Amino acid sequence: MNLKELYQEIILDHGKNPRNLRKIDNHNKDAKGHNPLCGDSVHVYLKLNENKKIEDISFEGGGCAISMASASIMTDLIKDKEEFEVKEIVNDFLEMIKEKDDLKNNILSDDEKTKLMCFSGVKQYPMRVKCATLSWHTLTSAINNSQEIVNTEKN
Ligand code: ZN
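An account of the accompanying structure is given in this report. Everything numeric in this text was worked out from a predicted model, so none of it was measured.

Let's shift gears to helix 3 (residues 83-98). In a regular helix each residue adds 1.5 Å, so 16 residues correspond to 22 Å; helix 3 covers 23 Å between its end C-alpha atoms and thus fits that length. Buried within helix 3 we find Glu 83, Glu 85, Val 86, Ile 89, Val 90, Asp 92, Phe 93, Leu 94, Met 96 and Ile 97.

Okay, structure coming up:
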């Protein structure tokens, strides 16, 4: 199996069986996001503890395989991270998906980075970039308590 096939396999797996697809009843942060071009929507729920650590994270929503796989992998990797680490991972992912060849953070393991690199191929397709980044922008909105519905056509 080459790298491209491995990436496709991971996206298909998470797209078909998204992890953390539920609502956290006692969440203390949440945000909604929408990608009108593709019809993807997500609602991200967070439970941040008093030490600013992500105790639990989940999402609800629907959309294409890329948007669902991205939300699934994101929630898997972000759980148990500290808020400042989350911000670094989000920035790193967004930079990678737009222009960089690789991830720079030292927080995630190589296996975890491989899961994010699955989305590196969407760079060439601006519409797909919106699918892959929707849940990440929505996570940022939840952490910042911005109460604004993320719309990929507006940011
Ligand atoms: Zn999509």
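Before going further, it helps to spend a moment on the sheet that holds strand 1 (residues 29-35). Sheet architecture is open: four strands sit in the order 3-2-1-4, paired in mixed fashion. Every interior strand has two partners, whereas the edge strands, strand 3 (54-62) and strand 4 (150-151), have only one. Bridge count between strand 2 (residues 40-48) and strand 3: eight bridges; the pairing is antiparallel. Bridge pairing links Lys 47 to Asp 56 in strand 3. In the packing of helix 2 (residues 65-78) onto the sheet, contacts are made with strand 2 and strand 3, and the angle to strand 3 comes to roughly 170°.

With that out of the way, let us pick up the side chain of His 43. Inspection of the secondary structure puts His 43 in strand 2. A polar contact of 3.2 Å, which involves the side chain of His 43, links it to the side chain of Tyr 45. Residues contacting His 43, with those up to four places away along its chain left out, are Asp 30, Ala 31, Lys 32, Ser 58, Phe 59 and Glu 60.

Attention now moves to the packing of helix 1 (residues 3-16) against helix 2. Two numbers describe how helix 1 lies on helix 2: the axes approach to 7 Å, and their chain directions differ by 90°. Regarding the angle of helix 1 to helix 2, the classification is roughly perpendicular. Contacts from Ile 10, Ile 11, His 14 and Gly 15 in helix 1 reach Ala 65, Met 68, Ala 69, Ser 72, Ile 73 and Asp 76 in helix 2. Of the residues contributing to the contact of helix 1 with helix 2, the split by class is six nonpolar, three polar and one charged.

The subject of this paragraph is the pattern of salt bridges. With the rule as written, the count across this model stands at eight salt bridges. Lys 47 serves as the salt-bridge partner of Glu 55, at 3.2 Å between the closest nitrogen and oxygen. Residue Lys 47 is classed as partly exposed on the basis of its relative accessible area of 22%. Between Lys 100 and Glu 95 there is a salt bridge; the shortest N-O distance is 2.4 Å. Taking the relative accessible area as the measure of exposure, Glu 95 reaches 35% and is therefore partly exposed. Taken together, the shared-partner salt bridges connect Arg 22, Asp 56 and Lys 79 into one network.

How each quantity is defined
Residues numbered from 1 in each chain as written. Predicted model: local features only at pLDDT ≥ 70, side-chain atom pairs only at ≥ 80, totals over all residues. Heavy atoms only, no water. Helix = DSSP H or I, 4+ residues; strand = E, 2+ residues; numbered from the N terminus. Expected span 1.5 Å × (residues − 1). Buried < 20%, exposed > 50% of the residue type's maximum accessible area, 1.4 Å probe, protein only. Pairing = 2+ DSSP bridges. Contact = heavy atoms within 4.5 Å. Axes fitted to C-alpha atoms, helices over the stretch in contact; angles between N-to-C directions. Polar contact = N/O pair within 3.5 Å; in protein donor to acceptor, adjacent residues only side chain to side chain. Parallel < 35°, antiparallel > 145°, perpendicular 65-115°, else oblique. Nonpolar A, V, L, I, M, F, W, Y, C, P; charged D, E, K, R; others polar. Salt bridge = Lys/Arg side-chain N within 4 Å of Asp/Glu carboxyl O.

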